Structures are given as C-alpha cells and as structure tokens.
Amino acid sequence: LTTGASSFAIMDTLEYDTEISSEITTAPTSSTVNYDVGLLLRYIDTDNYIEVTVNVSANNITCAKTISGSATVLGTTSYTWGSNTKRTLMARVHGDKVRVYVDDAKVGTYSIGSTGTGDIDYATKHGIRALSSATAAKFHQDTFIICRNIDSTVHRHIEDDILQVG
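This text gives an overview of the structure that appears in the document.

Moving on to the packing of aromatic side chains. Applying the stated criterion across every chain, the model contains three aromatic pairs. Centroid distance Tyr79 to Trp81: 6.4 Å. Interplanar angle 75°. Geometry classified as edge-to-face. Classification of Trp81 by relative accessible area gives buried; the value is 2%.

Following this line, the structure appears as structure tokens:
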C-alpha cells in the first residue's frame, strides 16, 4: 500500500455475499493521522465500492458506499479502537445488510439500500483499503476473505506477512 495516497488491495472471489476480516494494528500515540483503514466489501473500481473503515482519531467505525465517485455514509458507530492496538475488524455482507464486528463482538448493522446500479450489488471483488491519512497502517498476515454460498465454503487467504503503509 502507498503512503500519501488511497490504496486498495483486491481479490476476486466470484462471490458477492461474503465475510472478510483483517487484523489491523493502529498507529502509535505520537501519530496525528486519522488512521482511516478498512475492508472493501464489494468492489468494482475506485469509483464504485462498499466499505467499512476505522477512524481512530474520531473514535468511530463507518460503513459507506461510493457510487460513480460519490460517497454516501450508511452509518457510523462510536468505537474506541485505541492507538498502537492490534484488533480484528470483520464484516459480513449478505444482500443489502452489512454486519460489523471487532474482535468477534458485533458493533453495528447497516443497510446498503439502493445503489442505483445492479453491478455493485453483485460485485465479487473484495479486499482492504488504506486512505491517504493512514501513514502507519499495518494489515497482518491473518488477513483473509471467506466466501459463502449454499453449496460450499471457499477460503481465500492473502499470503503477505504484513501490508504496511509508510
């Protein structure tokens, strides 16, 4: 991931309803960055995606959809992640519902609502994201995506030690 620019790491899992999680370590207390990092739940391109992000300085987790480059916040939940802290962020997306968990505790449920495009409703790419303010972001080796459908469960795993911005 690139310092000073919004960065995406994407996988195509061939499934649009999915569960994605990542172990993330926040910036140290001496940092003044927002530490905006998160999960891409459905992704077409940099102008069309649904995401869940953590903002340490604002003490919240936000779910948003970006359609044709225009972002709409679906909901924000107060959450104190803490600086220099490793936690697991997980989201499950099924139909138009998003459920978000931190360290296996549910912190929010959001509705995607109308996207205005069927493409994003069935987007099969998912991944992780760091915004330009996340200069000390660390996504650990245990970043993974689990795709579910009626017939089987497919596991895909990102095999990097640590993806780090900076």
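This part takes up the pattern of salt bridges. Charged atoms that come close allow side chains of opposite charge to pair. Scanning the entire structure with this criterion turns up five salt bridges. Two residues, Glu23 and Lys86, come together in a salt bridge whose shortest N-O distance is 3.5 Å. Pair noted here: Glu23 is in strand β2 (residues 18-25) and Lys86 is in strand β7 (residues 86-94), with a separation of 63 residues, a long-range link. Ionic pairing is found between Asp103 and Arg87, a salt bridge with its closest N-O pair at 3.3 Å. Within this pair, whereas Asp103 is found in the loop between β8 (97-102) and β9 (105-111), its partner Arg87 is found in strand β7, the two being separated by 16 residues in sequence. Arg87 sits in the partly exposed class, given a relative accessible area of 21%.

Calculation notes
Here the residue numbers are simple positions, counted from 1 along each chain's written sequence. A pLDDT threshold of at least 70 governs which residues receive local features in this predicted model, and a stricter bar of 80 or more applies before side-chain atom pairs are shown or counted, although totals over entire chains, interfaces and linings include all residues. Note: side-chain values were computed over all heavy atoms of the structure, leaving out hydrogens and water. Each pair of aromatic rings taken from Phe, Tyr and Trp, with Trp reduced to its six-membered ring, is defined by centres within 6.5 Å and is described as stacked if the planes are under 30 degrees apart, edge-to-face if over 60, and tilted in the remaining cases. A simple rule labels every residue: compare its accessible area, found with a 1.4 Å probe on the protein chains alone, to the largest value its type can have, and call it buried under 20%, exposed over 50%, or partly exposed in between. A pair is scored as a salt bridge if a Lys or Arg side-chain nitrogen falls within 4 Å of a carboxyl oxygen belonging to Asp or Glu. Under the DSSP-based scheme used, a helix requires at least four consecutive residues in state H or I and a strand at least two consecutive residues in state E, with every element numbered from the N terminus.

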